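Take a look at the letters that make up each chain.
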Amino acid sequence: MLYGIAAATTAFLLAAVLAALVRPCALRLGLVDRRRARRVPALGGLAVVGATCLVAYAGDWTGVAPLGTGVGELVAAGGAVALLGLVADVWRLKTRFLLFGTAVAAACVVPYGEFGAVGGLLGAGWIAFVAVAFKGLDHADGLAGTVGVVTAFGTGACAAAEVMDGLAVLLSVLAAALTGFLMHNWHPARIALGATGSLFAGFVLAAAALVTRTGHEPAASAGVLFALTAVASADVLLVLLSRLLAGRPVLRRGPDHLVHRLRRLGLTSQGATVALGAGSFAGVFVAVLVHGGWVGRTGATCVACVTFGVVLVLLRVPVYEPRHPESSQVGGRLRVRSG
């Protein structure tokens, strides 16, 4: 107990300090993310990854808080995903490469003995999906960090219920590191997670959630896993449906995420983040209750229904600028008539 408090405090302070140190380096290297009229340094994830891994491995090395079987490998795989994210922050890798690389890392930590070959591959694909979904949340100030903290606490509670102490400690350390990072990432953000931190956080959270559901009934597990990641999943679903219906390229960035639509409805940037954080808390709370057996699987079904309902409602919020009425398609290229 005392070590858990000390570890969380250390991770919180370490992440806050490292984020402050990384910011000027990112600015000098020109590694920034454009947000409206602002340019936000995009290497803050190094602080979260560094703080989480250092504190977790320190506890394991000293023997005060052993990570346990498989948890060390999960952290190592998460570090590999963070390295892939760092490459993406520097050289702007395409999303399909990030998805493939994350899926390969996930395939190395899935418990095939419990899930079988097919179930293990599906689990690896789901982990990769969640990791990339968390990357998508990093477009808004404080959003990925807030959702990550809430999800880490909920997944940690599920791990504690399964007496997976090492995994629970890791998740509490990750939550503390993300909280320390949020001191610099809340609106107006002075630094962003970037692909380095968002992929790492999403990967660790998804992999940990999958491990906590080992041995449980598959259908109930699917409901719990969805509820734990409802906001990130809703954001991806909303973006995909919106772009497909509008005939826009699926992988091209656009102002069509959850936050963009909530702001169109009148919420401030901070208000949208708080609203989505509250939504994440509601989903995670239900997931913990279902996992602990206090609520039936219908609780997770309700979360899924509400999530899909919200997506359908927000699809009606206009986010794309109409094309110029005098534009025409000439010679395979879009030309706008002058005058």
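Scoring rules and cut-offs
- Residues numbered from 1 in each chain as written.
- Predicted model: local features only at pLDDT ≥ 70, side-chain atom pairs only at ≥ 80, totals over all residues.
- Heavy atoms only, no water.
- Helix = DSSP H or I, 4+ residues; strand = E, 2+ residues; numbered from the N terminus.
- Rg over C-alpha atoms; globule rule 2.2 N^0.38 Å.
- Contact = heavy atoms within 4.5 Å.
- Areas by Shrake-Rupley, 256 points an atom, 1.4 Å probe, with all protein chains shown as cover.
- Lys, Arg positive; Asp, Glu negative; His and termini not counted.
- Charge placed at Lys NZ, Arg CZ, Asp CG, Glu CD.
- Core = buried A, V, L, I, M, F, W, Y, C linked by side-chain atoms within 4.5 Å.
- Buried < 20%, exposed > 50% of the residue type's maximum accessible area, 1.4 Å probe, protein only.
- pLDDT = per-residue confidence, 0-100.
- Salt bridge = Lys/Arg side-chain N within 4 Å of Asp/Glu carboxyl O.
- Axes fitted to C-alpha atoms, helices over the stretch in contact; angles between N-to-C directions.
- Parallel < 35°, antiparallel > 145°, perpendicular 65-115°, else oblique.
- Left-handed = near helix turned anticlockwise from the far one by under 90°.
- Nonpolar A, V, L, I, M, F, W, Y, C, P; charged D, E, K, R; others polar.
- Expected span 1.5 Å × (residues − 1).
- Arc of directions from axis to C-beta.

Trainee: Explain the overall build of the protein to me, please; I cannot follow it from the model alone.
Mentor: When you go through the protein residue by residue, the secondary structure sums to 13 helices and 4 strands. Relative to the globule expectation of 20 Å for 339 residues, the C-alpha radius of gyration of the protein, 20 Å, shows essentially globular dimensions. Oriented by its inertia axes, the alpha-carbon framework of the protein measures out at about 75 × 50 × 35 Å. Restricting the contact set of the protein to residue pairs at least 6 apart, pairs at least 24 apart contribute 72%. Looking at the protein as shown, the accessible area adds up to about 16000 Å², and 67% of this sits on carbon and sulfur atoms. Charged side chains of the protein number 26 positive and 14 negative; the gap between the two group centres comes to 16 Å.

Trainee: Is there a simple way to explain the nonpolar core in this structure?
Mentor: Considering soluble globular proteins, one finds that nonpolar side chains tend to be buried as a cluster. Formed by 97 residues in total, the largest nonpolar core has its most connected members in Ile 127, Leu 167, Leu 170 and Phe 203. The biggest single contributor to this core is helix 7 (residues 165–185), with 12 residues.

Trainee: Is there a simple way to explain the confidence of the model for the protein in this structure?
Mentor: Any residue range with low pLDDT should be treated as having predicted coordinates unsuitable for detailed reading. For the protein, per-residue confidence averages 91 on the pLDDT scale, and 93% of positions sit at 70 or higher. Note on residues 325–339: pLDDT under 50 across the span, and 11 contacts to partners over four residues away in sequence or across chains.

Trainee: How do you make sense of the pattern of salt bridges when you look at a structure like this?
Mentor: The full count for this structure, using the stated rule, is 3 salt bridges. For Asp 33, the salt bridge goes to Arg 253, with nearest N and O atoms at 3.5 Å. Residue Asp 33 is located in strand 1 (residues 32–35), and its partner Arg 253 is located in the loop between helix 10 (230–246) and helix 11 (258–264); the two are separated by 220 residues in the primary sequence. One salt bridge in this structure joins Glu 217 and Arg 297, with 3.2 Å as the shortest N-O distance. Placement of Glu 217 in the loop between helix 8 (194–212) and helix 9 (218–228) and of Arg 297 in the loop between helix 12 (269–292) and helix 13 (298–314) is noted, with a sequence separation of 80 residues between them. Among the residues examined, Glu 217 registers a relative accessible area of 37% and is labelled partly exposed.

Trainee: Would you explain the packing of helix 6 (residues 143–161) against helix 8 in this entry?
Mentor: If you want to describe how two helices pack, look at the angle between their axes and the distance between the axes. Two elements in contact, helix 6 and helix 8, have axes whose closest approach is 9 Å; the angle formed by their N-to-C orientations is 20°. Taken together, the axes of helix 6 and helix 8 lie roughly parallel to each other. In this structure, the crossing between helix 6 and helix 8 has a hand that is left-handed. On the side of helix 6, the interface is formed by Gly 148, Thr 151, Ala 152, Thr 155, Cys 158 and Ala 159, while helix 8 contributes Leu 205, Ala 208, Ala 209 and Thr 212. Considering only residue class, the contact of helix 6 with helix 8 consists of 6 nonpolar, 4 polar and no charged.

Trainee: Would you explain unusual backbone geometry in this entry?
Mentor: Negative phi is the rule for most residues except glycine; trans is the rule for most peptide bonds. For the bond running from His 187 to Pro 188, omega is -5°, close enough to zero to count as cis. In this structure, Arg 92 is a non-glycine residue whose phi angle is positive, near 55°. Even without being a glycine, Val 163 presents a positive backbone phi close to 55°. Here Val 163 shows up in the loop between helix 6 and helix 7.

Trainee: Quick question: what am I supposed to make of the side chain of Thr 273 here?
Mentor: Tracing the chain through its elements places Thr 273 in helix 12. Sequence-distant contacts of Thr 273, defined by excluding residues within four places in its chain, comprise Asp 141, Gly 142, Leu 143, Thr 146 and Trp 186.

Trainee: Can you help me understand the side chain of Thr 229 in this one?
Mentor: Of note, Thr 229 is situated in the loop between helix 9 and helix 10. A relative accessible area of 6% means that Thr 229 is categorised as buried. Residues within four places of Thr 229 in sequence aside, it is in contact with Trp 126 and Val 130.

Trainee: For this particular structure, what's the right way to read helix 4 (residues 95–107)?
Mentor: Since there are 3.6 residues in each turn of an α-helix, residues three or four apart along the chain are aligned in direction. Under the 1.5 Å per step criterion, the end-to-end length of helix 4 is 18 Å for 13 residues, consistent within 8% with the ideal 18 Å. All buried positions along helix 4 are accounted for by Leu 98, Thr 102, Ala 105 and Ala 106. In a view along the axis of helix 4, the buried residues occupy a sector of 100°, so they form one face of it. Residues of helix 4 that are buried in the fold lie against helix 3 (71–91), helix 5 (112–137) and helix 8.

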